[in-house]
Number of protein chains: 2
Amino acid sequence: MVKAKVFVLEKQFEGLPKEGDLRLVEEELPPIKNGEFLVEALYLSVDPYMRAYIPLNKFGEPVIGSQVGKIIESKNPKYPVGQHVVGYFGWRTHTISNGTSTIFDSKPSLVPKFGDLPLSLALGVLGMPGNTAYFGFLEICTPQAGEVVVVSSAAGAVGSHVGQIAKIKGCKVIGITGSDEKGKFLVDELGFDHFINYKTADLDKALDELAPEKIDCYFDNVGGEISSTILRHMNNYGRISVCGAISGYNNETEVKVTTIQRPMISFNLTMEGFIFSRWADRWTEGVQQNLKWIKAGKLKHPESVTEGFENMPKAFIDMLKGANIGKAIVKV
Amino acid sequence: MVKAKVFVLEKQFEGLPKEGDLRLVEEELPPIKNGEFLVEALYLSVDPYMRAYIPLNKFGEPVIGSQVGKIIESKNPKYPVGQHVVGYFGWRTHTISNGTSTIFDSKPSLVPKFGDLPLSLALGVLGMPGNTAYFGFLEICTPQAGEVVVVSSAAGAVGSHVGQIAKIKGCKVIGITGSDEKGKFLVDELGFDHFINYKTADLDKALDELAPEKIDCYFDNVGGEISSTILRHMNNYGRISVCGAISGYNNETEVKVTTIQRPMISFNLTMEGFIFSRWADRWTEGVQQNLKWIKAGKLKHPESVTEGFENMPKAFIDMLKGANIGKAIVKV
């Protein structure tokens, strides 16, 4: 008899989630049936999107999320014992799956060989955040060499990846982040040209100084007033990829910000929002290209690892507070 | 010696412009030189964009705007006496031009033959507003038969035109406007399917009722909270063409509205702003197609005509207040 540890929604979030909003419970799993397999979690992911999706959970239901696990029992020939699998199984140590998709049209899939790279990358640079960066930036912003790219939430899993792709494409890259420590990491370790600490800098002035030639591409992870300000610094025919709105996720009601219609018109801007699953049929392309860049030494993949399944709520809240650099991961 | 009557900027606008903000002066024109020609105004245009552009004028300088006039003297073989010309000559009864462009990369051009249609249409359905509707809607919204189209400021020159193109393309069309009278005109005279009076209706409820299948294309003339609300009713992969932001033009500072990043992401929306001059090289295509639709009885071209050059400020303010149906024109 396998006992799974599972986090369930206990109390609706108000503002920044609190550890007590989620409760750890134990669940006795039944024997697996034909077509099913049993997964033991190795690494779990905490991501910004969860702040928007977890409140849609029912109370007492497992919290949604993805993980890399090992198949420890199987009655499904497509998912053999010993293989590693990545899937949206939720915040739980053990899961019985039959291989069908849960959310985001995303079926559990066997983790391909990454050489000697860690398995956790399947949750980051070689998984959903990596493909979010790859397709969401390249397909929507269509960056050209010599252009100016601004990325918000630049030290996060997606932002830090987007900035590095922009450098690979020959762009000038400015990262917006919430601390000098994270900013310096972006410049010194990841090759960003500049950073702006939005908590201490005057964003308008900083953009005047760092991007006098104006911004061609803006990869938006945050929304809010930061994005309204950045739009006023765009070049004619600028492109904005809207990936996230983390600045508003912790608010009870939608934030009010300066309208963006004027810069949209004056500068002939194009803005496009997306969910990564739009490019589900090109998934492998993204993973393979990101893997190539890693092997060529062009794409770094910082991780902030929290140890212990029971620390998932803390890792989640720390990530929302911006404590992490790169991908936030929990190691069981 | 020709004396021109000219409106100049006297006082900076505060909120809704007042008649006293503009002053009528007389200007003695010199004899024309080689390469020049003299135009006498017949029809002048008042348009929403002027609320945003006139404040950029210097005090005492003629107010910007377009007109249809008659060439009454010429030393330029390209612009012969007796011909009608359309150009951005400003708010003035007589103008000396040498045929170069002033604003919007737009040179004065001879008005082509419209058959027995009025010359004033060169300022409306067969001019800038007509091409704004034609290109701004078709190129950015790419409407498909059976789709749901919402147009704001729907009784204005551009909005009333966009709605009719949407009907020609086989769409279901909902116009947002500020009075039941204008709304009924849109439905009864122009063939819109529905109207919503944003001053009296609950926009959220009205859209739930009139567009339960969700909105595919939104042609935005107003910005502000109306646009934030409409975006929450869009379909997956919806397209938004941002043409104007008239809701904010009379405000001293930029309006604060509900952020739009969430619907942009959740529904994979694309939003694009534009200035009509983007399609300057396809100008004739737009005019010819609009003319064809008029001749086929598919495109009506309502005008609200104010008599008398001295009434231009009143016509301008009335247009900003939404008193007009269709194109607002001043007849000298």
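The structure presented is a predicted model; accordingly, all values stated were derived computationally and were not measured. (Residues numbered from 1 in each chain as written. Chains lettered and ligands numbered in written order. Predicted model: local features only at pLDDT ≥ 70, side-chain atom pairs only at ≥ 80, totals over all residues. Heavy atoms only, no water.)

## Quick look at the overall build of chain A
Right, on to step 1. Check the secondary structure of chain A and you find 10 helices and 16 strands.
Right, on to step 2. Whereas a compact globule of 332 residues would reach a radius of gyration of roughly 20 Å, chain A reaches 20 Å, a difference of no more than 12%.
Right, on to step 3. Dimensions of chain A, computed from C-alpha atoms along their principal axes, come out at roughly 65 × 45 × 35 Å.
Right, on to step 4. For chain A, the accessible area works out to roughly 13,700 Å², and carbon and sulfur atoms hold 50% of it.
Right, on to step 5. For chain A, the distance from the average position of its 36 positive side-chain charges to the average position of its 38 negative side-chain charges is 3 Å. (Helix = DSSP H or I, 4+ residues; strand = E, 2+ residues; numbered from the N terminus. Rg over C-alpha atoms; globule rule 2.2 N^0.38 Å. Areas by Shrake-Rupley, 256 points an atom, 1.4 Å probe, with all protein chains shown as cover. Lys, Arg positive; Asp, Glu negative; His and termini not counted. Charge placed at Lys NZ, Arg CZ, Asp CG, Glu CD.)

## Here's the deal with the pairing of strand β9 (residues 172–177) of chain B
Residue and element names in this part refer to chain B.
Right, on to step 1. In terms of residue burial, β9 counts as a mostly covered element, since 5 of its 6 residues are buried.
Right, on to step 2. With 4 bridges connecting them, strand β8 (residues 148–151) and β9 associate as parallel partners. Paired with Val149 across the strands is Val173, a residue of β9.
Right, on to step 3. Handedness of the β-α-β unit built from β8, helix α3 (residues 157–168) and β9 comes out right-handed.
Right, on to step 4. Two elements, β9 and strand β10 (residues 194–197), share 4 bridges in a ladder whose sense is parallel. In the sheet register, Ile174 faces β10, and the bridge partner there is His194.
Right, on to step 5. As for the winding sense of the linkage, the β-α-β connection from β9 through helix α4 (residues 180–188) to β10 is right-handed. (Buried < 20%, exposed > 50% of the residue type's maximum accessible area, 1.4 Å probe, protein only. Pairing = 2+ DSSP bridges. Right-handed = clockwise from strand over helix to strand, strands pointing away.)

## Looking at the relation of the copies chain B and chain A
Right, on to step 1. Least-squares fitting of chain B to chain A yields an RMSD of 0.0 Å, with the superposition described by an axial translation of 0.0 Å and a rotation of 180°. Interpreted geometrically, this transformation is the action of a two-fold axis.
Right, on to step 2. Taken as a fraction of all interface residues of chain B, those also at the interface in chain A reach 100%, which identifies the copy contact as same-surface. (Least-squares fit on C-alpha atoms with pLDDT ≥ 70 in both. Contact = heavy atoms within 4.5 Å.)

## What about the interface of chain B and chain A?
Right, on to step 1. With 33 residues of chain B at the contact, the number on the chain A side is 33 residues.
Right, on to step 2. For the pair chain B and chain A, the two sides together bury roughly 2,900 Å², of which 56% comes from carbon and sulfur.
Right, on to step 3. Contact with chain A buries area across many residues of chain B, yet B:Gln261, B:Arg262 and B:Ile265 alone supply 22% of it, more than any other trio.
Right, on to step 4. Linking chain B with chain A are 2 salt bridges.
Right, on to step 5. Joining chain B to chain A, the criterion identifies 14 residue pairs in polar contact (both at pLDDT 80 or more).
Right, on to step 6. Contributing elements (two or more residues each) for the side of chain B that touches chain A: α6 (224–231), β12 (234–242), α7 (246–249), β13 (256–258), α8 (261–266) and β14 (270–273) of chain B.
Right, on to step 7. For the side of chain B that touches chain A, the leading source of residues is α8(B), giving 5 residues.
Right, on to step 8. Per-class residue counts for the side of chain B that touches chain A are 14 nonpolar, 12 polar and 7 charged. (Buried area = accessible area lost by both parts, 1.4 Å probe. Salt bridge = Lys/Arg side-chain N within 4 Å of Asp/Glu carboxyl O. Polar contact = N/O pair within 3.5 Å; in protein donor to acceptor, adjacent residues only side chain to side chain. Nonpolar A, V, L, I, M, F, W, Y, C, P; charged D, E, K, R; others polar.)

## Points about the sheet that holds β9(B)
Right, on to step 1. One open sheet holds the 12 strands; their spatial order is β10(A)-β9(A)-β8(A)-β11(A)-β12(A)-β14(A)-β14(B)-β12(B)-β11(B)-β8(B)-β9(B)-β10(B), and the pairing between them is mixed. Single-partner strands in this sheet number two, and they are β10 (194–197) of chain A together with β10 of chain B. Pairwise comparison of adjacent strand axes, ignoring direction, gives a mean angle of 15° for this sheet.
Right, on to step 2. Bridge count between strand β8 (residues 148–151) of chain A and strand β11 (residues 215–220) of chain A: 3 bridges; the pairing is parallel. Its bridge partner lying in β11(A), A:Val149 is registered against A:Cys217.
Right, on to step 3. In this fold helix α5 (residues 203–210) of chain A packs onto β8, β9 (172–177), β10 and β11 of chain A, with an angle of close to 170° to the strand it touches most, β10(A).
Right, on to step 4. The strands that α4(B) touches are β9 and β10 of chain B; relative to β10(B), the one it contacts most, it runs at about 170°. (Axes fitted to C-alpha atoms, helices over the stretch in contact; angles between N-to-C directions.)

## Details of the pattern of salt bridges
All names here are of chain A.
Right, on to step 1. Using the criterion set out here, one finds 26 salt bridges over all chains in the structure.
Right, on to step 2. Of the charged contacts in the structure, one is a salt bridge between Asp193 and Lys167, with a shortest N-O distance of 2.8 Å. Note that Asp193 is positioned in the loop between α4 (180–188) and β10 and Lys167 in helix α3 (residues 157–168), a separation of 26 residues in sequence.
Right, on to step 3. Connected through salt bridges with shared partners, the residues Glu139, Arg282 and Glu285 form a single ionic network.

## Details of the packing of aromatic side chains
All names here are of chain A.
Right, on to step 1. The full count for this structure, using the stated rule, is 26 aromatic pairs over all chains.
Right, on to step 2. Measuring from ring centre to ring centre gives 5.9 Å for Phe7 and Trp91, while their planes differ by 85°; the resulting arrangement is edge-to-face. Here the residue Phe7 occupies a position in strand β1 (residues 2–9), and Trp91 occupies one in the loop between β5 (84–87) and β6 (94–97), the gap between them amounting to 84 residues. A single burial state applies to Phe7 and to Trp91, both of which are buried. (Phe/Tyr/Trp six-rings, centres within 6.5 Å; stacked < 30°, edge-to-face > 60°.)

## Looking at the domain arrangement of chain A
Residue and element names in this part refer to chain A.
Right, on to step 1. Taken domain by domain, chain A comprises domain 1 (2–124 + 302–331) and domain 2 (128–277).
Right, on to step 2. Approximately 1,600 Å² of surface area, both sides summed, lies buried where domain 1 meets domain 2, with 61% of it carried by carbon and sulfur atoms.
Right, on to step 3. At the junction of domain 1 with domain 2, the criterion picks out 0 salt bridges.
Right, on to step 4. If you look at where domain 1 meets domain 2, you find 3 residue pairs in polar contact (both at pLDDT 80 or more).
Right, on to step 5. Split into classes, the residues belonging to the side of domain 1 that touches domain 2 amount to 13 nonpolar, 5 polar and 4 charged. (Domains from an automatic or database assignment.)

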